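What follows is the residue order along each chain.
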2 protein chains.
Amino acid sequence: MQSVGIVAPQSRHFAEPLPLRSGAQLRDYTLVYETYGTLNADKSNAVLVCHALNASHHVAGTHQGAEKSVGWWDNLVGPGKPLDTHRFYVICVNNPGSCFGSTGPMHINPVTGKPYGADFPVLTVEDWVDAQARLLDAMGITQLAAVLGGSLGGMQALGWSLRYPDRLRHCIAIATAPNLSAQNIAFNEVARRAIVTDPDFHGGHFYEHGVIPKRGLRVARMIGHITYLSDDAMEEKFGRCMKADTLNYSTQAIEFEIESYLRYQGDKFSDYFDANTYLLITRALDYFDPARDHHGDLTAAFAKATCQFQLVSFTTDWRFSPARSREIVKALLDNKHRVSYAEIEAPHGHDAFLLDDPRYHNLLRATFDNIAKETADVKPVMAFKGVAR
Amino acid sequence: MQSVGIVAPQSRHFAEPLPLRSGAQLRDYTLVYETYGTLNADKSNAVLVCHALNASHHVAGTHQGAEKSVGWWDNLVGPGKPLDTHRFYVICVNNPGSCFGSTGPMHINPVTGKPYGADFPVLTVEDWVDAQARLLDAMGITQLAAVLGGSLGGMQALGWSLRYPDRLRHCIAIATAPNLSAQNIAFNEVARRAIVTDPDFHGGHFYEHGVIPKRGLRVARMIGHITYLSDDAMEEKFGRCMKADTLNYSTQAIEFEIESYLRYQGDKFSDYFDANTYLLITRALDYFDPARDHHGDLTAAFAKATCQFQLVSFTTDWRFSPARSREIVKALLDNKHRVSYAEIEAPHGHDAFLLDDPRYHNLLRATFDNIAKETADVKPVMAFKGVAR
């Protein structure tokens with residue numbers, strides 16, 4: 001299996017405002033995206049990948065001159081890979097409000113001439129779906145072969161099935177949930193409080209002060225990392241391993257490997273992620289709740305869907321447990337929708353959706369094989385020996 | 001069942017330094033404690049209760065003029081209650097390093113003449129056990145009928161069985177663990193980082209600056225609360241209940257009840273708890289690991305114990321799950337120690353050990369009934385109609 005190789009992000013500017021669920025609008029915005037593979041003649045082989053909290057449009061391949069810049073789902077997307085770029089035209093859009101190129105809180109608010117900061121409008125999963133649909137309009141793609149996403153990306157895939165039911169044939173939602181539980185919201189809220197109470201946050205207008213609320217971002221990321229890994233995976237990877245043979249008897253020195261790991265992850269994250277983006281994206285997670293418009297009835301919410309569904313969960317995922325996927329499956333079955341569900345025994349917790357567990361990848365490979373078969377014009381668009389299974 | 005009524009803390013000063021596991025020592029310290037019931041003639045009816053992270057010596061009853069100051073385990077300890085103060089003389093000591101009266105980081109360091117702050121020596125569970133033993137020496141109590149504790153208090157009870165095997169007849173360790181898992185340490189570490197990176201922490205010497213690192217304490221407490229409650233209990237209590245009928249579409253306003261609850265708990269905690277104490281106590285949790293001195297062999301660690309054990313865990317406790325209690329039970333059985341173990345199906349997570357679940361309290365009542373029976377001289381020391389079951 002090969003990499004898609006060197007890739008470059010593209011961007012498109014939208015002059016017409018995007019109306020948002022909140023009643024506000026996003027005016028004059030840019031979307032940054034990447035594509036892999038080739039769009040076929042009748043534009044029927046497009047697959048939209050939706051990114052989660054801290055990821056970007058950069059799904060596969062590497063950027064010129066940056067060997068380590070491997071895309072976040074490179075193990076899945078590429079020539080001969082489960083989502084085979086010889087067959088499919090893969091698109092990923094950096095969602096507005098994010099911090100990887102699309103219009104976000106660090107960009108200039110046309111109303112004030114200063115960075116949006118905390119004034120950036122609060123976005124929802126549905127707003128992102130709308131923004132993605134506009135990009136597809138501009139590309140002339142009326143129907144997607146599939147929308148695929150894990151975690152928050154899975155919520156966007158579900159959102160597509162409800163908001164544009166006739167614009168996708170398959171919805172593949174992995175390690176996701178029909179809404180956040182109280183515990184999920186609680187973790188988000190602690191992370192947000194850590195950020196907004198950091199004195200360097202300056203009410204969200206820290207750009208103007210030339211500072212970054214790194215303390216808050218570090219704590220937010222450390223909390224996130226605990227919830228992404230399973231208890232068992234963390235135990236296996238770190239256990240009670242010490243940094244040294246003897247104890248320091250200190251409350252601030254690093255004694256355990258797990259402390260070192262978390263601090264490193266926190267430091268790294270605070271160097272590249274935007275604090276306002278973290279607030280916006282966790283809030284979009286909190287708000288996602290398709291049943292809300294149907295008096296809490298998830299079955300009623302999914303009545304309008306028409307595509308085929310593939311749900312996947314992982315046994316040790318305690319952030320979005322299999323039980324949450326089963327709620328979705330039940331609502332789909334209640335509607336007699338076509339749905340397939342796989343609960344994969346994997347030790348890695350929520351992070352499993354990003355890893356290349358063979359059963360998981362074989363399942364997605366089979367799913368995309370089937371999608372390719374039913375899509376008349378989806379044939380390999382480049383010759384590549386040994387791609388077919 | 002009655003309350004023990006109005007109680008008053010006592011205190012005792014110790015001039016002789018307490019040598020600590022770290023090699024440092026605590027010199028010139030005071031222990032604050034409370035007692036309930038009456039010590040019998042041969043001093044055989046004493047039960048030591050050990051407190052957990054944020055609790056104090058104030059286990060039962062109320063303080064004069066403060067009606068709401070009900071002790072943290074008042075549902076368990078009192079006349080006619082499972083730990084019956086008509087039969088037992090109950091003692092609880094505020095551990096040194098804490099912030100409820102015993103010598104701690106907010107007190108004057110005799111070496112510098114300033115508050116200890118971050119220079120307060122790092123204490124271990126074993127050091128607390130030693131301090132408690134010294135108080136019992138001073139009280140002339142050579143052997144305890146039982147040592148009882150939940151969570152970190154359970155670790156102290158286990159510590160007693162190993163450090164002073166002939167000074168207790170029963171060890172009752174509830175909702176505890178033989179050591180912290182990587183995930184447990186991870187949560188502690190995030191809480192500590194939130195505190196020490198708060199600019200008001202001033203390297204632990206904030207007393208001299210007239211400030212309190214409240215932001216860090218709030219975040220620490222919010223994280224703690226998430227881990228004390230089970231996912232299900234949080235869902236049942238809060239779910240996705242909103243503060244208002246309409247959404248605010250804000251990242252900082254409170255939308256969900258769970259956010260309101262966590263912020264309230266964080267605020268309340270930051271008003272009364274000491275930041276250095278939080279660091280010290282979480283570190284003592286991290287360090288507790290009786291198997292460490294025995295090449296990781298918990299069975300070898302418990303070889304020296306001689307008392308009878310009662311272990312209790314709660315099915316929904318994900319902080320110290322039943323599996324962790326079972327590790328202790330196995331090590332005790334390997335040694336052919338007398339041990340009884342109850343795994344109680346309770347929905348409340350780790351917090352269950354503080355609640356009055358009938359099965360849980362009936363179990364402890366039976367345990368203490370048996371302890372009373374086998375203790376020849378433990379008879380009701382006050383007449384009280386209807387106390388006997």
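Going along each chain's sequence as written, the residues are numbered from 1 onward. Following the order in which they are written, the chains are lettered starting with A and the ligands numbered starting with 1. Local features in this predicted model are restricted to residues of pLDDT 70 or higher, and side-chain atom pairs are both shown and tallied only at a pLDDT of 80 or more, whereas totals for entire chains, interfaces and linings draw on every residue. By convention in this description, side-chain values take in all heavy atoms of the structure and omit both hydrogens and water.

A.B. asks: How would you summarise the overall build of chain A if you had to cite specific residues and measurements?
C.D. replies: A run of H or I in DSSP becomes a helix once it reaches four residues, and a run of E becomes a strand once it reaches two; helices and strands are each numbered from the N terminus. Scanning chain A from terminus to terminus reveals 10 helices and 14 strands. Over its C-alpha trace chain A gives a radius of gyration of 21 Å, about what one expects of a compact globule, namely 21 Å for 389 residues. With respect to the principal axes defined by its C-alpha atoms, chain A has extents near 65 × 55 × 50 Å. Under the scheme applied here, a residue whose accessible area is under 20% of the maximum for its type counts as buried, over 50% as exposed, and between as partly exposed, the area being computed with a 1.4 Å probe on protein chains only. Among the 389 residues that make up chain A, the fraction classed as buried is 61%. Contacts are assigned to residue pairs with any non-hydrogen atoms lying within 4.5 Å of each other. Partitioning the contacts of chain A with sequence separation of at least 6, the portion at a separation of at least 24 is 71%. In these tables, accessible area is a Shrake-Rupley quantity obtained with a 1.4 Å probe, and a residue counts as shielded only by the protein chains included in the view. Accessible surface, chain A: about 14400 Å² in total, of which carbon and sulfur atoms supply 50%. Positive: Lys, Arg. Negative: Asp, Glu. His and the chain ends are not part of the count. By convention, charge coordinates are those of NZ in Lys, CZ in Arg, CG in Asp, or CD in Glu. Looking at chain A, you have 38 positive and 43 negative side-chain charges, and the mean spots of the two groups are 4 Å apart. We take the radius of gyration over the C-alpha atoms and set the globule estimate at 2.2 Å times the residue count to the 0.38 power.

A.B. asks: Outline the packing of aromatic side chains, supporting the account with residue identities and numerical values.
C.D. replies: Pairing of aromatic side chains here covers Phe, Tyr and the six-membered ring of Trp, requires ring centres within 6.5 Å, and sorts the geometry by plane angle: under 30 degrees stacked, over 60 edge-to-face, intermediate tilted. For the structure on display, the rule yields 42 aromatic pairs over all chains. With a centroid separation of 4.3 Å and 40° between ring planes, the pair formed by phenylalanine 206 of chain B and tyrosine 207 of chain B is classed as tilted. Since its relative accessible area comes to 3%, phenylalanine 206 of chain B is described here as buried. Residue tyrosine 207 of chain B is classed as partly exposed on the basis of its relative accessible area, which comes to 22%. The lysine or arginine in question, arginine 167 of chain A, covers the ring of tyrosine 164 of chain A, its NZ or CZ lying 5.9 Å from the ring centre. One residue, arginine 319 of chain B, lies across the ring of phenylalanine 320 of chain B, its end atom 5.6 Å from the ring centre. Ring-over charges, as used throughout, are those where CZ of Arg or NZ of Lys falls within 6 Å of the ring centre and within 35 degrees of the ring normal.

A.B. asks: So what about the packing of helix α6 (residues 257-272) of chain A against helix α3 (residues 182-196) of chain B? Which residues, and what values?
C.D. replies: Their axes nearest at 9 Å, the elements α6 of chain A and α3 of chain B cross at an angle of 50°. The pairing of α6 of chain A with α3 of chain B is recorded here as oblique in orientation. Judged by the sense of rotation from one axis to the other, the crossing of α6 of chain A with α3 of chain B is right-handed. For the pair formed by α6 of chain A and α3 of chain B, the contact residues are Ile258, Glu259, Leu262 and Arg263 of chain A on the first element and Ala182, Ile185, Ala186, Glu189, Val190, Arg192 and Arg193 of chain B on the second. Helix axes use the C-alpha atoms of the stretch in contact, all axes being lines fitted to C-alpha atoms, and the angles between their N-to-C directions lie in the range 0 to 180 degrees. Roughly parallel means an angle under 35 degrees; roughly antiparallel means over 145; roughly perpendicular covers 65 to 115; every other angle is labelled oblique. Here is the rule for handedness: rotate from the far helix to the near one, and if that takes an anticlockwise turn smaller than a right angle the crossing is left-handed, while a clockwise turn gives right-handed.

A.B. asks: Pulling in residues and values, what's your account of the sheet that holds strand β5 (residues 29-36) of chain A?
C.D. replies: Residues and elements named next belong to chain A. What the eight strands build is an open sheet, ordered β2-β5-β10-β6-β11-β12-β13-β14; its pairing is mixed. With partners counted over all chains shown, the strands left at the sheet margins are β2 (10-14) and β14 (339-344), one partner each. Across the sheet, the mean angle from the axis of one strand to that of its neighbour is 20°, orientation sign disregarded. Pairs of strands are assigned from DSSP output, requiring at least two bridges between the strands. Pairing geometry for strand β6 (residues 46-50) and strand β10 (residues 89-93), over four bridges, is parallel. Looking across to β10, one finds that valine 49 is bridged to cysteine 92. Strand contacts of helix α1 (residues 125-139): β2, β5, β6 and β10, with the helix running at about 65° to β5, the strand carrying the most contacts.

A.B. asks: Please set out α3 of chain B residue by residue, giving values where relevant.
C.D. replies: Each helix should span, by expectation, one fewer than its residue count multiplied by 1.5 Å. Here α3 of chain B spans 21 Å end to end across 15 residues, near enough to the 21 Å set by a 1.5 Å rise per residue. Of all 15 residues in α3 of chain B, 15 are buried, a share of seventy percent or more.

A.B. asks: Outline unusual backbone geometry, listing residues and values.
C.D. replies: Of note, aspartate 28 of chain A is a non-glycine position whose phi angle comes to about 60°, a positive value. Topologically, aspartate 28 of chain A is positioned in the loop between β4 (25-26) and β5. Classification of aspartate 28 of chain A by relative accessible area gives partly exposed; the value is 39%. Although it is not a glycine, serine 151 of chain B sits at a positive phi angle of roughly 60°.

A.B. asks: Please set out the environment of serine 69 of chain B residue by residue, giving values where relevant.
C.D. replies: Residue and element names in this part refer to chain B. By the secondary structure assignment, serine 69 is in the loop between β7 (62-63) and β8 (77-78). Look at serine 69 and you get buried, because its relative accessible area is 18%. Remark: the alpha-carbon pair of serine 69 and histidine 58, spanning 11 residues in sequence, is separated by 8.8 Å. Once you skip the residues sitting within four places of it in the chain, serine 69 turns out to touch His58, Gly61, Thr62 and His63. Polar contact is the term for a pair of N or O atoms within 3.5 Å; when the atoms are in protein, one must be able to donate a hydrogen and the other to accept it, and sequence-neighboring residues count only if both atoms are side-chain atoms. At 2.8 Å, the side chain of serine 69 forms a polar contact with the backbone nitrogen of histidine 63.

A.B. asks: Quick rundown of the pairing of strand β12 (residues 170-174) of chain A? Include the residues and the values.
C.D. replies: Residues and elements named next belong to chain A. Across the five residues of β12, five count as buried, placing the element largely inside the fold. Of the two faces of β12, both are covered, the one formed by His170, Ile172 and Ile174 as well as the one formed by Cys171 and Ala173. We call a crossover right-handed when, viewed with the strands running away from us, the connection from the first strand over the helix to the second turns clockwise. Each parallel crossover has a hand, and for strand β11 (residues 146-150) linked through helix α2 (residues 152-163) to β12 it is right-handed. Where β12 and strand β13 (residues 308-314) come together, five bridges link them in parallel fashion. Bridging from a neighbouring strand, isoleucine 174 pairs with valine 312 of β13.

A.B. asks: Mind laying out the nonpolar core, listing which residues take part and the relevant values?
C.D. replies: Judged by nonpolar contacts, the single largest core of 219 residues is most densely connected at Leu83, Ile174, Tyr278, Phe302 and Phe314 of chain A together with Tyr278 and Phe302 of chain B. For our purposes a nonpolar core is just a set of buried Ala, Val, Leu, Ile, Met, Phe, Trp, Tyr and Cys residues, chained together by side-chain atoms within 4.5 Å. Judged by nonpolar contacts, the second largest core, of 33 residues, contains Val49, Trp73, Val77 and Val90 of chain B.

A.B. asks: Got a sec to walk through the relation of the copies chain B and chain A? Specific residues and values, please.
C.D. replies: For this overlay, a least-squares fit was computed on C-alpha atoms, restricted to residues scoring pLDDT of at least 70 in both copies. It takes a turn of 180° to lay chain B on chain A, together with a shift of 0.0 Å along the axis; the resulting RMSD is 0.0 Å. Such a turn and shift between the copies fits a two-fold axis. Mapped onto chain A, 100% of the interface residues of chain B are again interface residues, and the two copies thus contact each other with one and the same surface.

A.B. asks: Could you give an account of the pattern of salt bridges, with specific residues and numbers?
C.D. replies: Here, a salt bridge means any Lys or Arg side-chain nitrogen found within 4 Å of an Asp or Glu carboxyl oxygen. Tallied over the entire structure, the rule returns 40 salt bridges over all chains. Between aspartate 74 of chain A and lysine 81 of chain A there is a salt bridge, with the nearest N and O atoms lying 3.2 Å from each other. A relative accessible area of 13% means that aspartate 74 of chain A is categorised as buried. Close ionic contact of aspartate 130 of chain A with arginine 163 of chain A constitutes a salt bridge, the shortest N to O distance being 2.7 Å. Note that aspartate 130 of chain A is positioned in helix α1 and arginine 163 of chain A in helix α2, a separation of 33 residues in sequence. The exposure class of aspartate 130 of chain A is buried, given its relative accessible area of 9%. Salt bridges here are not isolated pairs; linked through shared partners, they connect Glu189, Arg192, Arg283 and Asp286 of chain A together with Glu259 and Arg263 of chain B.

Keep in mind that these numbers describe shape and distance, not what the molecule does.
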